[in-house]
Amino acid sequence: MPDALSDTDRLALDAAYDEARAGLDEGGIPIGSALVTPEGTIVARGHNLRVQTGDPTAHAETACIRAAGRRRDWHTLTLASTLSPCAMCTGTAILHRIPRVVIAEHDNFMGREDWLRAEGVQVVLADDQRCVELMREFIAARPDLWDEDIGVPPTG
């Protein structure tokens, strides 16, 4: 069952979804992220740029956190992502002590939500069907690229 979302959560998820669509339009992987203040100001956005840049660490959440630059208020921000964050992105959120992560969906990929929770991060699951469908369609159309992104070795 999805968690209740605040207006700020919805704002952040809408921005993350727009970023995911931008990534897809660029020929990349449709995962987006946004950082938002408690007052609802989006301080950074990002999308998966791994295909576009050739950088295997350029996942949506890391791109978003890089875009935020140097800050001292990480401990007050919410990170929204269109997909459950992988270990690398989870570690980045934990490193910066981001206290709250809003996840659009984890049907297509279950990241390290367990690690977030173990570190005391509030995890909010939105069950956003537009994000579920976007990833489902992408994975069906480009399974090779999806496997490459999540580190699955080629078969055969």
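See the structure above.
The rules behind each value
- Residues numbered from 1 in each chain as written.
- Predicted model: local features only at pLDDT ≥ 70, side-chain atom pairs only at ≥ 80, totals over all residues.
- Heavy atoms only, no water.
- Core = buried A, V, L, I, M, F, W, Y, C linked by side-chain atoms within 4.5 Å.
- Buried < 20%, exposed > 50% of the residue type's maximum accessible area, 1.4 Å probe, protein only.
- Helix = DSSP H or I, 4+ residues; strand = E, 2+ residues; numbered from the N terminus.
- Contact = heavy atoms within 4.5 Å.
- Axes fitted to C-alpha atoms, helices over the stretch in contact; angles between N-to-C directions.
- Parallel < 35°, antiparallel > 145°, perpendicular 65-115°, else oblique.
- Nonpolar A, V, L, I, M, F, W, Y, C, P; charged D, E, K, R; others polar.

1. Topic: the nonpolar core
Where a protein is soluble and globular, its nonpolar side chains tend to be buried together. The biggest cluster of nonpolar side chains holds 17 residues, and the ones touching the most others in it are Leu35, Trp74, Leu79, Ile98, Val101 and Leu116. At the level of secondary structure, the elements contributing two or more residues to this core comprise helix H3 (60-68), helix H4 (87-95), strand E4 (100-103) and strand E5 (122-125). If one sorts the elements of this core by residue count, H3 sits on top with three residues. Leucine 116 has contacts with Thr90, Ala93, Ile94, Val101, Val121 and Val123, leaving out every residue within four places of it along the chain. Counting 13 residues, the second-largest nonpolar core is a separate cluster that includes Tyr17, Val102, Val124 and Ala126.

2. Some points on the packing of H3 against H4
Packing of H3 against H4 leaves a shortest axis separation of 8 Å and a crossing angle of 30°. With respect to H4, the element H3 is oriented roughly parallel. Along its contact with H3, which presents Glu61, Thr62 and Ile65, the element H4 presents Met88, Cys89, Thr92 and Ala93. In the contact of H3 with H4, the residues fall into four nonpolar, two polar and one charged.

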